[in-house]
Amino acid sequence: MKIKCPACQTEGSLSLVESNYKGPYKCWKCRELFTITLEKDKLTSCEPLSEEEFQKQQEIKALQDKFNRQFPGRQDTG
Ligand SMILES: [Zn+2]
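To start, this report covers the structure provided alongside it.

Analysis parameters
- Residues numbered from 1 in each chain as written.
- Predicted model: local features only at pLDDT ≥ 70, side-chain atom pairs only at ≥ 80, totals over all residues.
- Helix = DSSP H or I, 4+ residues; strand = E, 2+ residues; numbered from the N terminus.
- Buried ≥ 20, exposed ≤ 12 C-beta atoms within 10 Å, placed from the backbone.
- Contact = placed C-beta atoms within 7 Å.
- Pairing = 2+ DSSP bridges.
- Expected span 1.5 Å × (residues − 1).
- Axes fitted to C-alpha atoms, helices over the stretch in contact; angles between N-to-C directions.

Quick notes on the overall build of the protein chain
Here is step 1: In terms of helices and strands, the protein chain carries one helix and five strands.
Here is step 2: For the protein chain, the N- to C-terminal ordering of α and β elements is β-β-β-β-β-α.
Here is step 3: Seen through its C-alpha atoms, the protein chain measures out along the principal axes to roughly 40 × 25 × 15 Å.
Here is step 4: By residue count, 6% of the 78 residues in the protein chain fall in the buried class.
Here is step 5: Considering only contacts in the protein chain between residues 6 or more positions apart, those separated by 24 or more positions represent 25%.

This is the structure we're talking about:
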């Protein structure tokens, strides 16, 4: 999955298991932080994120991933 940074237009990549995603993204080049929303591999929204919020979101995402691994098939993908 390729993501174009809203701030500097540099293309970065994100490894996703699903085509829908909402979560933190960090540009490798300008190091801006965003909350991005992807729907069917398309970027539908992005909001600037503070370092603090980024950490928090990463923790939440890690917990969700852990949960999904423990209980496969339970995640609500719509
Ligand atoms: Zn950037």
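There's more to say after this.
Describing the environment of Lys22
Here is step 1: By the element assignment, Lys22 lies in strand S3 (residues 21-26).
Here is step 2: You can call Lys22 partly exposed: it has 13 C-beta atoms within 10 Å.
Here is step 3: Separated by 39 residues in sequence, Lys22 and Lys61 have C-alpha atoms that sit 9.4 Å apart.

A short note on the pairing of strand S5 (residues 42-48)
Here is step 1: Of all seven residues making up S5, only zero are buried, and the element is barely covered by its neighbours.
Here is step 2: In this structure, strand S4 (residues 33-39) lies alongside S5, joined through six bridges in antiparallel fashion. Within S5, the position partnered with Ile36 by the bridge is Cys46.
Here is step 3: Between the end of S4 and the start of S5, which pair antiparallel, lie two residues, with Lys40 showing a positive phi angle near 50 degrees.

Describing unusual backbone geometry
Here is step 1: Phi at Arg31 takes a positive value of approximately 65 degrees, unusual for a residue other than glycine.
Here is step 2: Among the secondary structure elements, Arg31 is positioned in the loop between S3 and S4.
Here is step 3: Under the C-beta neighbour-count criterion, Arg31 is labelled exposed, with 11 such atoms within 10 Å.
Here is step 4: Phi at Lys40 is positive, roughly 50 degrees, even though this residue is not glycine.

A closer look at helix H1 (residues 51-70)
Here is step 1: For H1, built from 20 residues, the straight-helix expectation of 28 Å at 1.5 Å per residue is met to within 8% by its first-to-last C-alpha distance of 29 Å.
Here is step 2: Here H1 lies mainly on the outside; zero of its 20 residues are buried.

Here we look at the sheet that holds S3
Here is step 1: The strand order S3-S4-S5 describes an open sheet built from three strands, whose pairing is antiparallel. Strand pairing shows two members of the sheet lacking a second neighbour, S3 and S5, which therefore form its edges. The average undirected angle you get between the axes of adjacent strands in this sheet is 30 degrees.
Here is step 2: Its contacts with the sheet place H1 against S3 and S4, and it is angled at close to 135 degrees to S3.

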